[in-house]
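# Descriptive analysis of the structure
Given next are the chains, with one letter for each unit.
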Amino acid sequence: MRLKVITSNPGKVEEYQRMFGDLGIEMEHARIPYDEIQTSELEEVVRKGMDALRSQGLKDFIIDDSGMFVDALKGFPGVYSAYVQKTVGNDGILTLMEGVEDRGAVFKCCIGCDIDGETIIVTGECPGVILKEGRGEKGFGYDPIFSHDGKRSFAEIGLEEKNSVSHRGDAVKLLRERLKALADL
Ligand code: ITT
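Only a predicted model underlies this, so the values are computations on that prediction, with no experimental measurement involved.

### Comments concerning the nonpolar core
Residues Phe20, Ile111 and Leu175 are the most contacted members of the largest nonpolar core, which totals 20 residues. Those elements giving two or more residues to this core turn out to be strand 1 (2–6), helix 1 (10–20), strand 4 (104–115), strand 5 (118–130) and helix 6 (167–183). Those residues within four positions of Ile111 in sequence are excluded, and the remaining contacts are Tyr16, Val46, Ile62, Ile63, Asp64, Ile120, Ile121, Val122, Arg168, Ala171, Val172 and Leu175. Within the second largest apolar cluster, 16 residues are counted, among which are Met68, Leu73, Phe146 and Ile157.

### Some remarks on the sheet that holds strand 1
Here six strands make up an open sheet; going across it, the order is 2-1-3-4-5-6 and the pairing mixed. Both outer strands of the open sheet, strand 2 (26–30) and strand 6 (146–147), are each paired with one neighbouring strand and no more. As defined by bridge partners, strand 4 adjoins strand 5 across 12 bridges and the pair is classed as antiparallel. For Val106, the partnering residue across the bridge sits in strand 5 and is Pro127. Running at roughly 155 degrees to strand 3 (residues 61–70), helix 2 (residues 42–54) makes contact with strand 1, strand 3, strand 4 and strand 5 of the sheet.

### Some thoughts on the site of the ligand
For the ligand, the set of nearby residues contains 19 residues, the closest of which are Thr7, Ser8, Lys12, Asp143 and Lys162. Between the ligand and the protein, one listed contact pairs a nitrogen atom with a side-chain N or O atom of Asp143 at 2.6 Å. Summarising the interface, the protein chains cover 91% of the accessible area of the ligand, which totals 600 Å² for the free molecule. Contributing elements (two or more residues each) for the shell around the ligand: strand 3, helix 3 (81–87) and helix 6. Looking at the shell around the ligand, its residues break down into four nonpolar, eight polar and seven charged.

### Thoughts on the pairing of strand 3
Burial of strand 3 is extensive: 10 of the 10 residues sit out of reach of the surface. Side-chain alternation along strand 3 places Phe61, Ile63, Asp65, Gly67 and Phe69 on one buried face and Ile62, Asp64, Ser66, Met68 and Val70 on a second face that is also buried. Bridge analysis of strand 1 against strand 3 gives two bridges, and the strand direction is parallel. Among the inter-strand pairings, Val5 is bridged to a residue of strand 3, identified as Ile62.

Procedures and definitions
- Residues numbered from 1 in each chain as written.
- Predicted model: local features only at pLDDT ≥ 70, side-chain atom pairs only at ≥ 80, totals over all residues.
- Heavy atoms only, no water.
- Core = buried A, V, L, I, M, F, W, Y, C linked by side-chain atoms within 4.5 Å.
- Buried < 20%, exposed > 50% of the residue type's maximum accessible area, 1.4 Å probe, protein only.
- Helix = DSSP H or I, 4+ residues; strand = E, 2+ residues; numbered from the N terminus.
- Contact = heavy atoms within 4.5 Å.
- Pairing = 2+ DSSP bridges.
- Axes fitted to C-alpha atoms, helices over the stretch in contact; angles between N-to-C directions.
- Near = heavy atom within 4 Å.
- Polar contact = N/O pair within 3.5 Å; in protein donor to acceptor, adjacent residues only side chain to side chain.
- Areas by Shrake-Rupley, 256 points an atom, 1.4 Å probe, with all protein chains shown as cover.
- Nonpolar A, V, L, I, M, F, W, Y, C, P; charged D, E, K, R; others polar.

Below, the structure written as structure tokens:
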């Protein structure tokens, strides 16, 4: 079985390859532009994205929309995470969080999978905190400033450990169950 991972972000493809390797599902990176609608729900972004890709004739693919939702910022940057990362970046979030005691945040990941004409949509979450400064060289995006255990950032832990606790890892566990049931893998 082969699925195209449609994303501009190679970091995501690497995570998917690791998490599906043992099921014999091959993940192939594809950069295919599609419109992402602006809404407060990750799942709606994914559903509409899948429709747009199918209308281009695409089959057997995965897309995901993720975001970091900071409690003290009332869920910001949330669905705006990509834009905020590209503009003010991690330093911008750290500046907004200066002097803020409540450091709670949650990473969410909604995956949409089109396979054999079926649609599977799952959402995973990973609660954690925003660190006081960025740390670590691994990973991508908000990894240096997010910690699931309050000690090490996602950019300090290895991919294996990140996948076992992350929002994408959580969503993938749910997707694996659904794919196993579907393909009797
Ligand atoms: P595509 O939409 O092309 O897949 P993207 O990087 O823009 O790529 P998202 O919209 O899903 O991906 O992600 C929103 C933002 O959240 C983006 O800036 C990512 O870097 C960041 N992000 C997503 N997953 C992350 C993770 O596991 N660790 C750190 N940052 C993450």
